[in-house]
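Chain by chain, the residues:
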Amino acid sequence: MPHQQRVDATRTTNSSTGPRALLRAAYLAVPPHLRIYVLGDMDRQDRPLRILLTNIGEAVDGDGPVVTAEMHQDVLDYFDRGDQGVQSEQERRAIQHADDPSEPGRPALISHETVYPQGWPEQPGLFVLRNDFPAQIMLAGESYASVLHGYWALSAADASDRSRIRDAASAREAHDLGGRATHRSDWPNVRLAVMAELLRAKFTQHPELAQVLVSTGDARISYTGFSDSPFWRDVPDSRGRNWMGRLLELTRSELVVQQLLRPEDPNVLNQEVLLSGGSARLCVHRE
């Protein structure tokens, strides 16, 4: 209740009319066993309200202390301190959360796994975000036909396995070969960093793909499917970590900041495209 309304309530000697009647009705609407919690104060509980609802010169609850003007003023001061505390907290949060978006972000984007037996469509759109999308990547002096080729080749402990995976005819074959190969002993500790580097290489070396990723704006990316482990996918249970979606969001942010810091670099996406998050169309050009 605003301060002025509380003052008016105490000035009304008859608690059966005016603002105090509204306050009383609201208070009595609360189940009796819950009234001690309405103020969120476990020291005073609901006593300030019971005092405020009692006329000066009458006993609280009929057999309690007789209410005086000073007791009413004490209650008003109590609520004023509470108002000031709330205002102070709001001001503090406004400073601490100054970078919080003022408007809700875009709806979540779901990246579905899809199989194209006849090859990728002419306009794959958001399917370019998938790790099996064919995009030649150079990383640490090696060339990979897709993110999956690079990821599973780099996971292999044996050099011959790495070569076979790198040269696999398709991303799915690279995945199968990599799943059968013996992995590096430190793979669980480095796989996230490796995947992050592969995504950076993919989208910085292919600006047309980067434009599609940036066009998703600030949408949360849910990477779903059935081939990758739950560690990478957004699975609707406690196993799903959605690391692919999270790394795509990180890569998207890095692309945007690259343009902001290096607007003169022709290899970085057009600034208007980056900042607007406008939709992007992509065609696959076949030989």
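On a predicted model such as this, the values are computed, not experimentally measured, just so you know.

Right, let's get into the overall build of the protein. Scanning the protein for helices and strands turns up 11 helices and four strands. Scored against the burial criterion, the 287 residues of the protein give a buried share of 37%. Here the protein has roughly 16700 Å² of accessible surface; of this, 53% comes from carbon and sulfur atoms.

Turning to a nonpolar patch on the surface, a few remarks are in order. Side chains of Leu34, Tyr37 and Met42 sit close together on the surface and give an oily, nonpolar patch of about 300 Å² of accessible area. On the basis of relative accessible area, methionine 42 is assigned to the partly exposed category, the value being 49%.

Our focus in this paragraph is the side chain of aspartate 228. Mapped onto the elements of the fold, aspartate 228 is located in the loop between β4 (221–223) and α10 (243–261). Comment: no salt bridge for buried aspartate 228; closest opposite-charge side chain is arginine 130, at 4.3 Å. Sequence-distant contacts of aspartate 228, that is, excluding residues within four places in its chain, are made with Arg130, Leu148, His175, Tyr223 and Arg233.

With that settled, consider the pattern of salt bridges. Throughout the structure, instances matching the rule amount to 14 salt bridges. Here aspartate 237 makes a salt bridge to arginine 239, at a shortest N to O gap of 3.1 Å. Residues joined in a network through salt bridges with shared partners are Asp46, Arg50 and Asp61.

When two helices pack together, their arrangement is given by the angle between the helix axes and the distance between those axes. Taken N-terminus to C-terminus, the directions of helix α5 (residues 147–155) and helix α7 (residues 171–180) make an angle of 15°; their axes are 8 Å apart at the nearest point. Judged on the interaxial angle alone, α7 and α5 are roughly parallel. Both α5 and α7 take part in a crossing whose hand is left-handed. The segment α5 lies against α7, with Leu148, His149 and Trp152 engaging Ala171, Ala174, His175, Gly178 and Gly179. Partitioned by chemical class, the residues of the contact of α5 with α7 number four nonpolar, four polar and no charged.

Here we come to the packing of aromatic side chains. Summed over all chains, the structure comprises nine aromatic pairs. Arranged with centres 5.4 Å apart and planes meeting at 45°, the rings of tyrosine 116 and tryptophan 120 form a pair that is tilted. On the numbers, 5.6 Å between centres and 80° between planes, the contact of tyrosine 116 with phenylalanine 127 is edge-to-face. Remark: phenylalanine 127 occurs in the loop between β1 (109–111) and β2 (137–139) and tyrosine 116 occurs in the loop between β1 and β2; sequence separation between them is 11 residues. For tyrosine 116, a relative accessible area of 29% gives the class partly exposed. One aromatic cluster is present, built from ring pairs that chain together Tyr151, Trp152, Trp187, Phe231, Trp232 and Trp243. Stacked on the ring of tyrosine 223, the Lys or Arg arginine 130 has its end atom at 3.8 Å from the ring centre. Over the ring of tryptophan 243 we find arginine 246; its NZ or CZ atom is 3.7 Å from the centre of that ring.

For the rest of this paragraph, the subject is the confidence of the model for the protein. When pLDDT is low, close inspection of the predicted coordinates is not appropriate. The share of residues in the protein with pLDDT of 70 or more is 86%, and the mean pLDDT across the chain is 88. Throughout residues 271–287 the model reports pLDDT below 50, and contacts reaching past four residues in sequence, or to other chains, amount to 41 contacts.

At a minimum axis distance of 5 Å, the contact between helix α8 (residues 187–205) and helix α9 (residues 207–214) shows a crossing angle of 110°. Classified by the angle their axes make, α8 and α9 are roughly perpendicular. Where α8 abuts α9, its residues Lys202, Phe203, Thr204 and Gln205 lie against Pro207, Leu209, Ala210 and Leu213. Grouping the constituent residues of the contact of α8 with α9 by class yields five nonpolar, two polar and one charged.

Turning our attention to the environment of leucine 247. Relative to the helices and strands, leucine 247 is located in helix α10. For leucine 247, a relative accessible area of 6% translates into the label buried. Placed 26 residues apart in sequence, leucine 247 and isoleucine 221 show a C-alpha to C-alpha distance of 9.2 Å.

About the cut-offs
- Residues numbered from 1 in each chain as written.
- Predicted model: local features only at pLDDT ≥ 70, side-chain atom pairs only at ≥ 80, totals over all residues.
- Heavy atoms only, no water.
- Helix = DSSP H or I, 4+ residues; strand = E, 2+ residues; numbered from the N terminus.
- Buried < 20%, exposed > 50% of the residue type's maximum accessible area, 1.4 Å probe, protein only.
- Areas by Shrake-Rupley, 256 points an atom, 1.4 Å probe, with all protein chains shown as cover.
- Patch = residues over 30% accessible without salt bridge, like charges linked within 9 Å, V, L, I, M, F, W, Y side chains within 5 Å.
- Salt bridge = Lys/Arg side-chain N within 4 Å of Asp/Glu carboxyl O.
- Lys, Arg positive; Asp, Glu negative; His and termini not counted.
- Contact = heavy atoms within 4.5 Å.
- Axes fitted to C-alpha atoms, helices over the stretch in contact; angles between N-to-C directions.
- Parallel < 35°, antiparallel > 145°, perpendicular 65-115°, else oblique.
- Left-handed = near helix turned anticlockwise from the far one by under 90°.
- Nonpolar A, V, L, I, M, F, W, Y, C, P; charged D, E, K, R; others polar.
- Phe/Tyr/Trp six-rings, centres within 6.5 Å; stacked < 30°, edge-to-face > 60°.
- Lys NZ or Arg CZ within 6 Å of the ring centre and 35° of its normal.
- pLDDT = per-residue confidence, 0-100.

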